[in-house]
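Breakdown of the fold
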Amino acid sequence: MARTVRVVAALLPHPEDGSRFLVQQRLPGGSRALLWEFPGGKVEPGETDEAALARECREELDVALEVGRRLWEGRHTYPDLTVELVLYATRLVSGEPKPLGAHALRFLTPAEMGALPFCEADIPLLEDLVAGRMGNLG
């Protein structure tokens with residue numbers, strides 16, 4: 001049976017263009033290499049979703065975030081693990097995103113994201129985002 005991990009992700013709008021959001025490309029050589037995803041990471045034992053998301057973005061992007069409300073939640077089973085994925089509205093408080101834990105970063109509209117190869121767990125999230133099924137994103 002595949003292990004289950006809780007993963008939190010940030011819907012982080014560009015500071016000057018709220019229609020574009022940050023996505024990152026996974027590093028080569030690891031699991032799901034070079035696929036795209038929303039920034040974030042695993043929730044460690046004893047950590048809240050919000051604390052995990054702030055920590056992951058500090059470590060992997062060198063930014064400070066304000067974590068807002070939960071926007072989306074889903075579950076996907078890969079051959080090696082099951083991911084419980086939760087997307088949160090976020091706002092950049094300080095810093096400029098740097099690809100410290102990613103191969104590349106881009107600010108894109110949801111429609112532009114559709115042209116990229118995303119991790120399977122992120123595809124239903126992306127479909128809901130493109131279709132406008134998340135309501136007010138602020």
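For the structure, check the block above.
Criteria and cut-off values
- Residues numbered from 1 in each chain as written.
- Predicted model: local features only at pLDDT ≥ 70, side-chain atom pairs only at ≥ 80, totals over all residues.
- Heavy atoms only, no water.
- Salt bridge = Lys/Arg side-chain N within 4 Å of Asp/Glu carboxyl O.
- Helix = DSSP H or I, 4+ residues; strand = E, 2+ residues; numbered from the N terminus.
- Buried < 20%, exposed > 50% of the residue type's maximum accessible area, 1.4 Å probe, protein only.
- Phe/Tyr/Trp six-rings, centres within 6.5 Å; stacked < 30°, edge-to-face > 60°.
- Lys NZ or Arg CZ within 6 Å of the ring centre and 35° of its normal.

**Considerations on the pattern of salt bridges**
By the definition in use, this model includes 14 salt bridges. For Arg 6, the salt bridge is made with Glu 84, and the minimal N-O distance between the two is 3.7 Å. A residue pair is termed long-range when its members are at least 10 positions apart, and Arg 6 in strand 1 (residues 3–11) and Glu 84 in strand 7 (residues 81–94) qualify at 78 residues. Between Glu 84 and Arg 75 there is a salt bridge, with the nearest N and O atoms lying 2.8 Å from each other. Glu 84 sits in the partly exposed class, given a relative accessible area of 23%. Given the relative accessible area of 56%, Arg 75 is considered exposed.

**Digging into the packing of aromatic side chains**
Applying the stated criterion to the full structure yields 1 aromatic pair. Relative to Phe 118, the ring of Phe 38 lies with its centre 5.8 Å away and its plane at 45°, an arrangement referred to as tilted. Here Phe 38 is found in the loop between strand 4 (36–37) and strand 5 (40–42), whereas its partner Phe 118 is found in the loop between helix 2 (110–113) and helix 3 (123–130), with 80 residues between them in sequence. For the pair Phe 38 and Phe 118, one class covers both residues: buried. One residue, Arg 32, lies across the ring of Tyr 78, its end atom 3.8 Å from the ring centre.

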